[in-house]
Amino acid sequence: MKRSIINLAYRKALACFTRHHWALPPAPQWDITDFGLGNFDQCGLTLVNLAAEPEYCEKLMYAWRGQMAPCHTHAKKKEDIICRVGELALALHAVRPPAGTDAHTPGDAPLRLAINGVPVSIPAGRLLVLPAGHRVTLTPGIWHAFGPVSAECIIGEVSTANDDVNDNIFLDPAIGRFPGIEEDESAAIHLLSESVR
Ligand SMILES: O=C[C@@H](O)[C@@H](O)[C@H](O)CO
């Protein structure tokens, strides 16, 4: 991933957070990734780890329309994905979907989960669209991909312990959670991945 793209994502996310009065902590932990696929406009996410404790984690995320966080699940982490600003679509699956799936797959088993704390069953093949303020609770084993329906989105995540090195299971085996970086300009910020690798 080119450093210039990381810098651009950082600037756009920061401008959006500022516009919507989301103040970041001192020394924010930026995590900007194209998931190793080299097409950040299609498969990309900008994250800030707000709190990372042994028992819990909180993140703030940013994406623009067209970008998807690719289909994945977690063995351990339970998380709420919260649409903070904009409108967010999630493709959710109760069981491992066929390879190549990032959107809905007709024929999926219905999914039981909680939306805004209320248990519901989502019909097979339905995209879940969350307006601002709404959240969905994803237990370990639920496969999920998500991206903005609106021009951009601020997305919250509140979860049990987060371990991005060991607890991301991606549907696409070509995916790497953290990008390699091509230094085509100087860095505006340093990423969390530059210290964890
Ligand atoms: O669903 C998204 C989250 O679990 C993120 O926190 C994770 O870093 C994506 O790999």
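Residues numbered from 1 in each chain as written. Predicted model: local features only at pLDDT ≥ 70, side-chain atom pairs only at ≥ 80, totals over all residues. Heavy atoms only, no water.

Asks: Mind showing me how you'd approach the overall build of the protein chain here?
Replies: Along its length, the protein chain carries two helices and 13 strands. Against the globule reference of 16 Å for 197 residues, the protein chain gives a C-alpha radius of gyration of 16 Å, in line with a compact fold. Seen along its three principal axes, the alpha-carbon backbone of the protein chain occupies a region of about 50 × 35 × 35 Å. Counting every position in the protein chain, which comprises 197 residues, the buried fraction comes to 46%. (Helix = DSSP H or I, 4+ residues; strand = E, 2+ residues; numbered from the N terminus. Rg over C-alpha atoms; globule rule 2.2 N^0.38 Å. Buried < 20%, exposed > 50% of the residue type's maximum accessible area, 1.4 Å probe, protein only.)

Asks: So what exactly am I meant to see when it comes to the pairing of strand E9 (residues 128–131) here?
Replies: On a regular strand, each side chain points to the face opposite its neighbour's, so the side chains alternate between the two faces of the sheet. Burial of the side chains of E9 is restricted to one face: Leu128 and Leu130 are buried, whereas none of Val129 and Pro131 on the reverse face is. Across four bridges, the pairing between strand E6 (residues 87–93) and E9 is antiparallel. Residue Glu87 lies in a different strand from E9, and its bridge partner there is Pro131. (Pairing = 2+ DSSP bridges.)

Asks: I keep staring at the site of the ligand and nothing clicks. Help me out?
Replies: Near the ligand, the surroundings consist of 14 residues, among which Lys59, His74, Glu79, Glu157 and Asp164 are the closest. One nitrogen or oxygen atom from the side chain of Asp164 is found 2.8 Å from an oxygen atom belonging to the ligand. When residues of the shell around the ligand are traced back to their parent elements, those giving at least two are strand E5 (79–85) and strand E11 (143–148). Looking at the shell around the ligand residue by residue, the class counts come to four nonpolar, four polar and six charged. (Near = heavy atom within 4 Å. Polar contact = N/O pair within 3.5 Å; in protein donor to acceptor, adjacent residues only side chain to side chain. Nonpolar A, V, L, I, M, F, W, Y, C, P; charged D, E, K, R; others polar.)

Asks: Quick question: what am I supposed to make of the pattern of salt bridges here?
Replies: For side chains bearing opposite charge, pairing can occur when the charged atoms are close. Tallied over the entire structure, the rule returns nine salt bridges. Between Glu152 and Arg19 there is a salt bridge; the shortest N-O distance is 2.8 Å. Of this pair, Glu152 sits in strand E12 (residues 152–160) while Arg19 sits in helix H1 (residues 3–19), and the two are 133 residues apart along the sequence. A relative accessible area of 48% places Arg19 in the partly exposed class. (Salt bridge = Lys/Arg side-chain N within 4 Å of Asp/Glu carboxyl O.)

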